[in-house]
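# Summary of structural features
Residue strings, one per chain:
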Amino acid sequence: MNLAQIRLRNALPFWLSLTVLPFIWLGAAFGGWFVILPPLYAWYMFGLLDGILGLNRENPDPNTAESELFWYRAITIIWFPVQFLNIFGLIWIVTHTDHLSVLETIVLFFGIGVSSGTTGMVYAHELLHQRNNLERWLGDLLLASVLYSHFRTEHLLVHHKHVGTRRDAVTALYNEGFHHYFGRVLKECPRSAWEAEKALLARRGLSPWHPRNPHFRYWTLQILMLIFATLIGGVAGRFLFMWQALVAIWQLELTNYVEHYGLTRRHLGGGKYEHVRPHHSWNAAHTATNWLLINLQRHSDHQYKPDRRVPLLQTYDEDEAPQLPYGYTLMGVAAMVPPVWRRMMNPKVKQWRKRYYPDLDTFEDWEPYKTGTNPLPPL
């Protein structure tokens, strides 16, 4: 086996996201119980595989050359045309045939949204972190296909800078249930993304209405997606497009909720916080869900080294980063039931604070993070 074949073989597990697509198209073809297979497969099959395969604690060489990552990059690069065909091809089919009931169609597009969120959003996240125009544009197109384009600005300019503080909307507060969190994020993130770009342009002496503001590209791409959905599927097509987008956004924010729940950075005074370290994000080394999510669960390293490509992300043990008990798919299911989530995760947050911040003995010491009274750094 030559070197190219070895690289392809090593990258193949990260192509498992493609295995969700046949279940979606089976649902479109036959209806019935087939329409519920995609979310069941994505959520529970990979959780079951995690139980069988266990944890993968092996770390790749972080200095691996870009040329050796071709097959890892390829799956993220091809995903926009795959997702585009998946969404719009199925909008055309269901609006030009009558073999699916209304309920079957809604459940089918729920499954499409699960794919767009579980895979498309994760791949968009990886693409928008890159510096070349091709990958950034593909990331923008993926985000536009789920009507969440502002995520690029919010993630790069707000989240990575302010994670673990009240400035970061997607750092879930201790005891905050997911449903409250989701509503808050939908309200706060678009505004914080606009303010971040506005502040960046102001430092360059430009108006927020200057053409360099990427929000104009975001809005244009999203409007074009909505127009196309309407052209091929009418009002029903537009509704189905918006429905799968909402499901995808829900999946993304469910992941964000799991990644940072209850974890905060120490306030140093004067609006400054300690540097981001691996222990400021939850880590998960579960093998199968890291294949599905291209190592996103090694999130402690991503927050610590955001420029590192996902196949090179490192995992950490309990002494360096807090560990989730299960992979993201099962943790997301638990997060949908706040009492279950709190019973599972609140003791872990307390252990984390005792381990990393023993001088802050009670949750009252952390109350300023909850109320927002701590001075915050400017955008």
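Refer to the structure above for everything that follows.
The sections below set out a description of the structure shown in this document. Keep in mind that what you see is a predicted model, and the values were worked out from it rather than measured.

With respect to the secondary-structure elements, Arg298 resides in the loop between helix H10 (287-292) and helix H11 (299-304). Of the side chains bearing the opposite charge, Asp301 lies closest to the buried Arg298, which forms no salt bridge; the N-O distance is 7.3 Å. Aside from chain neighbours lying at most four places away, what touches Arg298 is Asn56, Arg57, Glu58, Asn59, Pro60, Asn283, Ala284, Asn290, Leu313, Gln314 and Thr315.

What follows covers the pattern of salt bridges. One pass over the full model with this rule turns up 14 salt bridges. Taking the shortest distance from any N to any O, the salt bridge between Arg73 and Glu66 comes out at 4.0 Å. Residue classification places Glu66 among the partly exposed positions, given a relative accessible area of 40%. Glu176 serves as the salt-bridge partner of Arg184, at 2.8 Å between the closest nitrogen and oxygen. An identical accessibility class is assigned to Arg184 and Glu176; each is buried.

This brings us to the nonpolar core. A general trend in soluble globular proteins is that nonpolar side chains are found buried together. The biggest cluster of nonpolar side chains holds 89 residues, and the ones touching the most others in it are Leu108, Tyr261 and Trp341. Sort the elements by how many residues they give to this core and helix H9 (residues 215-260) lands first, with 15 residues. Contact partners of Leu108, with chain neighbours within four places excluded, come to Ile24, Gly27, Ala28, Val35, Val94 and Leu100.

The next thing to look at is the packing of aromatic side chains. Applying the stated criterion to the full structure yields 32 aromatic pairs. Centre to centre, the rings of Phe84 and Phe228 are 5.6 Å apart; their planes meet at 20°, and the pair counts as stacked. One end of the pair, Phe84, is in helix H4 (residues 70-95); the other, Phe228, is in helix H9, and 144 residues separate them in sequence. Among the aromatic residues, those joined into a cluster by ring pairs are Tyr174, Phe178, Tyr181, Phe182, Tyr257, Tyr261 and Trp341. The residue whose ring lies beneath Lys305 is Tyr304, and the NZ or CZ to ring-centre distance is 4.9 Å. Arg353 extends its terminal NZ or CZ atom over the ring of Tyr174, reaching a point 5.5 Å from the ring centre.

Taken together, the side chains of Lys161, Arg203, Arg204 and Arg212 present a region of like positive charge at the surface. Mapped onto the elements, Arg212 comes out in the loop between helix H8 (178-203) and H9. Judged by relative accessible area, which is 52%, Arg212 ranks as exposed.

With that settled, consider the packing of helix H7 (residues 151-162) against H9. Remark: H7 packs on H9, axes separated minimally by 11 Å, with the N-to-C direction vectors making an angle of 25°. Comparing their axes, H9 and H7 come out roughly parallel. For the pair H7 and H9, contact is made by Phe151, Arg152, Thr153 and His159 and by His215, Arg217, Tyr218, Leu252, Asn256 and His260, respectively. Grouping the amino acids of the contact of H7 with H9 by side-chain chemistry returns three nonpolar, five polar and two charged.

Right, let's talk about a nonpolar patch on the surface for a bit. On the surface, Trp209, Trp219, Ile223, Leu224, Ile227, Phe228 and Leu231 cluster together to form a nonpolar patch covering roughly 750 Å² of accessible area. Considering the arrangement of structural elements, one finds Ile227 in helix H9.

This part covers unusual backbone geometry. One can expect most non-glycine residues to show negative phi and most peptide bonds to be in trans. Of note, the phi angle at Leu147 is positive, near 60°, even though the residue is not glycine. For Leu147, the location among the structural elements is in the loop between helix H6 (133-144) and H7. By relative accessible area, Leu147 is classed as partly exposed at 22%. The residue Asn295 is not glycine, and still its phi comes out positive at about 75°.

Conventions we followed
- Residues numbered from 1 in each chain as written.
- Predicted model: local features only at pLDDT ≥ 70, side-chain atom pairs only at ≥ 80, totals over all residues.
- Heavy atoms only, no water.
- Helix = DSSP H or I, 4+ residues; strand = E, 2+ residues; numbered from the N terminus.
- Buried < 20%, exposed > 50% of the residue type's maximum accessible area, 1.4 Å probe, protein only.
- Lys, Arg positive; Asp, Glu negative; His and termini not counted.
- Salt bridge = Lys/Arg side-chain N within 4 Å of Asp/Glu carboxyl O.
- Contact = heavy atoms within 4.5 Å.
- Core = buried A, V, L, I, M, F, W, Y, C linked by side-chain atoms within 4.5 Å.
- Phe/Tyr/Trp six-rings, centres within 6.5 Å; stacked < 30°, edge-to-face > 60°.
- Lys NZ or Arg CZ within 6 Å of the ring centre and 35° of its normal.
- Patch = residues over 30% accessible without salt bridge, like charges linked within 9 Å, V, L, I, M, F, W, Y side chains within 5 Å.
- Areas by Shrake-Rupley, 256 points an atom, 1.4 Å probe, with all protein chains shown as cover.
- Charge placed at Lys NZ, Arg CZ, Asp CG, Glu CD.
- Axes fitted to C-alpha atoms, helices over the stretch in contact; angles between N-to-C directions.
- Parallel < 35°, antiparallel > 145°, perpendicular 65-115°, else oblique.
- Nonpolar A, V, L, I, M, F, W, Y, C, P; charged D, E, K, R; others polar.

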